[in-house]
Amino acid sequence: MTKPRYLVLALCLFALVPFQGSAQRTSAARIQPLATSQWTADDRTILSSMERGDQTIDVFKTCLRHTELCRNWMPFTRYILGTTSTLPPRDRELLILRTSALSRADYDWGHHVPAAKRAGLTDDEIARTAKGPEAGGWSAFDATLLRAADELHRDQFITDTTWTALAKTYNERQLMDAIFTVGQYTMVSMFLNSAGVQREPGVVGVPK
């Protein structure tokens, strides 16, 4: 086979390989974060406990470009991340990290690594979360939890086998909170990736 034919064949094979590049989809923001100098008193009220002045993270500053959307989204965000969710913090962070990895959302991954550590996940567990439930080293329940995130991401459905395994530990409220946590971070990943929200300095991306 001639060199040009080898090249064509190589390019065709490369095209069949799933892309595993950077999860930061855009090199610049498509929607710019709203500078704090432009905030109104209403904006600060909307962000509430998430407001940190100039140190407010860019996902929330970008959200403020659409005031009414942000006003309605923030209470749900506070519920998912707050103490009224029925999920143990460690379980919640496992679901968030796995969903962020599946969605190739560097921004959320990087911001939840510290939260995952505070919730008790080790550096090794955090790294393995990007590899999924089959990575080895997981407890049976952790693997089931990660598998539920994978199934929701792939099929928008938790299989009977996974549901039954989860229900041995989780009550109905926890099962619902698990689904809504994956749904929240799937939606947020869509926003972050499409709006081009850029990672702040020092925020790590999904392990490659």
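In this report, the structure presented in the accompanying data block is examined.

**Considerations on helix H8 (residues 140-155)**
- Look at H8: 22 Å from first C-alpha to last across 16 residues, which is about the 22 Å you get at 1.5 Å a residue.
- Within the span of H8, buried status applies to Phe-141, Asp-142, Ala-143, Thr-144, Leu-145, Leu-146, Ala-148, Ala-149, Asp-150, Glu-151 and Leu-152.
- For H8, the elements touching its buried residues are helix H5 (89-102), helix H7 (123-129), helix H9 (160-167) and helix H10 (172-195).
- Of the residues flanking the end of H8, it is Gln-156, one or two places downstream, whose phi is positive at about 55°.

**Some points on the packing of H5 against H8**
- As a packed pair, H5 and H8 sit with axes 9 Å apart at the nearest point and diverge in direction by 40°. When the interaxial angle is binned, H5 and H8 end up oblique. H8 is crossed by H5, and the crossing has right-handed handedness. In contact with Arg-90, Asp-91, Leu-94, Leu-95, Arg-98, Thr-99 and Leu-102 of H5, H8 contributes Phe-141, Asp-142, Leu-145, Leu-146, Ala-149, Asp-150 and His-153.
- In the contact of H5 with H8, the residues fall into seven nonpolar, two polar and five charged.

**Brief notes about empty space enclosed by the protein**
- Enumeration according to the criterion identifies two cavities of 30 Å³ or more in this entry.
- Of the voids in this model, the second largest cavity is the one considered here, and its volume is about 30 Å³.
- Residue lining of the second largest cavity: Leu-95, Ala-148, Leu-152, Ile-158, Leu-166, Ala-178, Ile-179 and Val-182, and that is the complete set.
- Looking at the lining of the second largest cavity, the elements that each hand over two or more residues are H8 and H10.
- For the lining of the second largest cavity, the leading source of residues is H10, giving three residues.

**Considerations on helix H4 (residues 67-81)**
- Helix length check: H4 (15 residues) gives 21 Å between terminal C-alpha atoms against 21 Å at 1.5 Å per residue, within 8%.
- At Trp-73, H4 shows its maximal bend, which comes to roughly 30°, and the proline Pro-75 appears one to four places after that position.
- For H4, every residue scored as buried is listed here: Cys-70, Trp-73, Met-74, Thr-77 and Ile-80.
- Buried residues along H4 sit in contact with helix H2 (41-47), helix H3 (58-63), H5 and H10.

**Let's talk about the state of the cysteines**
- Counted under the stated rule, the structure contains one disulfide.
- For Cys-63, the disulfide goes to Cys-70, at an S-S distance of 2.3 Å. With the S-S bond torsion at 130°, the cross-link from Cys-63 to Cys-70 turns out right-handed.
- Note on Cys-70: relative accessible area 0%, which makes it buried.

**Side note on the layout of surface pockets**
- The volume enclosed by the largest pocket comes to roughly 690 Å³.
- Together, 29 residues line the largest pocket, and Ile-57, Leu-81, His-111, His-112 and Arg-118 are the ones closest to its centre.
- Broken down by secondary-structure element, the contributors of at least two residues to the lining of the largest pocket are H3, H4, H5, helix H6 (106-118) and H10.
- The dominant element in the lining of the largest pocket, judged by the number of residues it contributes, is H6, at eight residues.
- Considered class by class, the residues forming the lining of the largest pocket number 15 nonpolar, nine polar and five charged.

**Overview of the nonpolar core**
- Leu-95, Leu-97, Trp-109, Ile-126, Leu-145, Leu-166 and Tyr-170 are the most contacted members of the largest nonpolar core, which totals 25 residues.
- Of all the elements in the fold, those that place two or more residues in this core are H5, H6, H8 and H10.
- If one sorts the elements of this core by residue count, H8 sits on top with seven residues.
- What Leu-145 contacts, discounting residues up to four positions off in sequence, is Asp-91, Leu-94, Leu-95, Leu-166 and Tyr-170.
- Grouped together as the second largest cluster of nonpolar side chains are 17 residues, Leu-34, Trp-39, Cys-70 and Trp-73 included.

Basis of the calculations
Residues numbered from 1 in each chain as written. Predicted model: local features only at pLDDT ≥ 70, side-chain atom pairs only at ≥ 80, totals over all residues. Heavy atoms only, no water. Helix = DSSP H or I, 4+ residues; strand = E, 2+ residues; numbered from the N terminus. Expected span 1.5 Å × (residues − 1). Buried < 20%, exposed > 50% of the residue type's maximum accessible area, 1.4 Å probe, protein only. Contact = heavy atoms within 4.5 Å. Axes fitted to C-alpha atoms, helices over the stretch in contact; angles between N-to-C directions. Parallel < 35°, antiparallel > 145°, perpendicular 65-115°, else oblique. Left-handed = near helix turned anticlockwise from the far one by under 90°. Nonpolar A, V, L, I, M, F, W, Y, C, P; charged D, E, K, R; others polar. 1 Å grid on protein atoms, 1.4 Å probe; cavity = no way out; pocket = protein on both sides within 12 Å on 5 of 7 lines; lining within 4 Å. Points joined across faces, edges and corners; volume = space filled by probe spheres on them. Bend = angle between axes of the 7 residues up to and from the residue. Disulfide = S-S within 2.5 Å. Core = buried A, V, L, I, M, F, W, Y, C linked by side-chain atoms within 4.5 Å.

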